Amino acid sequence: MKKEALEQAAHAMGQAGERQGLVVVRDGALVFERYWANDYHRAEPDWRNVSFSSGKSWGATMVGRAINLGHLALDDPASRYVDPSITGLHPATRIHHLLTMSSGGSLVVKPSSHPPRKLNDQTPPGPPDEYVRTEGKSKEPRAPEGYGIDLEPGTMFFYDGAAADHLAEIVTAATGMRSFDFMRNEVLEPLGCRNTGYQPEGVDSNGDIRIGGSMLISCRDMARLGQLYLQGGRWGSTRLLDAAFVDAATSPSPGNPDYGFLWWLNTTGEIPAAPRSMFYAAGALGQYCFVVPERRLVVATMGFGRPPLTPQRAWEILAPALLAS
């Protein structure tokens, strides 16, 4: 990778909406970074962006860590840890269903992520994101028939973070530690994340995080997540995730060849300019952590912009600099 090509890519990416940062890691070393200032962000490496749904891949990592420590298993019923009358999940829902968006859904949901605020917005944070129970049918757009009511787990893939949020409660019940604390103590701190937390609204009154979003995170710390998976679940001399979990998390799930365990895949080439082996965390408006195993490459970019930066557009910009032989 040539610095001039990376500079050109960064310049182009900076034009694509209100980017905050771009970080490129090769062979575990930071080889390039660029930051931009705008109404929502400062041009600083430690600036914390709102994750939106890229936080789901962190949620999967929290579950994987609990599995590594012997608290959970992928085939465990969710009902072993939290009663279906509380979660609203189908009694047959298992942990792997929640990780692959095939749980059948729940009518017990949390609100959507809160968008970032402009730097001059002094509005105080809102109340915690508490679960609310909707009645009758799912309010999720395009939800299939029976979603959250009687749709059998494993029947179909339907992308909706509301059901996955319940993994936080399950981790709390399985480990005896609030999921907020478990994420901090067992995932973020071991990875050396220095600028990562949650929006005040993203942690409920029980200390459970909102997996579907609401993380606050720097681009550098987002890249750490990708590096953990690139290294097969090891961080230094410590194994944080089982190698089998990492492999399953980044392999096609039964219902969608382009989705693993709350990670997106490029198995079918939906992102033409990127390698088919790539997997990535993705959040609204362009929050990405791309991992390209054969190039030993991790790329994180975050920011707030409209129109949003799509993964396809990101790779149109990045590929000439990152994939040149």
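This text goes with the structure placed above it.
In short, a report on the structure. The structure presented is a predicted model; accordingly, all values stated were derived computationally and were not measured.

Let's shift gears to the packing of aromatic side chains. Per the stated rule, a full pass over the model turns up 14 aromatic pairs. Ring centres of F180 and Y198 lie 6.2 Å apart, and the angle between their planes is 65 degrees; this geometry places the pair in the edge-to-face category. Of this pair, F180 sits in helix α7 (residues 179–188) while Y198 sits in strand β6 (residues 196–198); the two residues are 18 residues apart in sequence, bridging distant segments of the chain. For F180, a relative accessible area of 23% gives the class partly exposed. When the ring of Y280 is compared with that of F290, the centres are 5.5 Å apart and the planes differ by 40 degrees; the resulting orientation is tilted. Here the residue Y280 occupies a position in strand β11 (residues 279–283), and F290 occupies one in strand β12 (residues 287–292), the gap between them amounting to 10 residues. Overall, Y280 belongs to the buried group, its relative accessible area being 8%. Every member of this aromatic cluster is reached through a ring pair, and the members are F157, Y159, Y259 and W264.

Here T93 lies in the loop between α3 (84–87) and α4 (95–99). Non-local contacts of T93, meaning those with residues more than four positions away in its chain, are made with D76, P77, A78, L98, S103 and P153.

This next bit is on the sheet that holds strand β3 (residues 49–50). Strand order in the open sheet formed by 3 strands is β3-β7-β6, with antiparallel pairing between adjacent strands. For this open sheet the edge positions go to β3 and β6, each flanked by a neighbour on one side alone. Relative to strand β7 (residues 215–217), β6 is paired through 3 bridges, and the arrangement is antiparallel. When the sheet's bridge partners are listed, G197 is paired in β7 with L216.

Inspection of the secondary structure puts A73 in the loop between α2 (55–68) and α3. Measuring from C-alpha to C-alpha, the distance between A73 and A282 comes to 25 Å, with 209 residues separating the pair along the chain. In contact with A73, other than residues within four places in its own chain, are I67 and I95.

On to the pairing of β11. Extensive coverage of β11 is indicated by the burial of 5 of its 5 residues. Burial along β11 is two-sided: F279, A281 and G283 and Y280 and A282, pointing in opposite directions, are all buried. Here 2 bridges tie strand β10 (residues 264–265) to β11, and the two strands are oriented antiparallel to one another. When the bridges of β11 are listed, L265 appears paired with F279. The pairing of β11 with β12 spans 5 bridges and is antiparallel. When the sheet's bridge partners are listed, Y280 is paired in β12 with F290. As consecutive antiparallel partners, β11 and β12 are separated by 3 residues, and within that stretch L285 has a phi angle of approximately 70 degrees, a positive value.

Rules and cut-offs
- Residues numbered from 1 in each chain as written.
- Predicted model: local features only at pLDDT ≥ 70, side-chain atom pairs only at ≥ 80, totals over all residues.
- Heavy atoms only, no water.
- Phe/Tyr/Trp six-rings, centres within 6.5 Å; stacked < 30°, edge-to-face > 60°.
- Helix = DSSP H or I, 4+ residues; strand = E, 2+ residues; numbered from the N terminus.
- Buried < 20%, exposed > 50% of the residue type's maximum accessible area, 1.4 Å probe, protein only.
- Contact = heavy atoms within 4.5 Å.
- Pairing = 2+ DSSP bridges.

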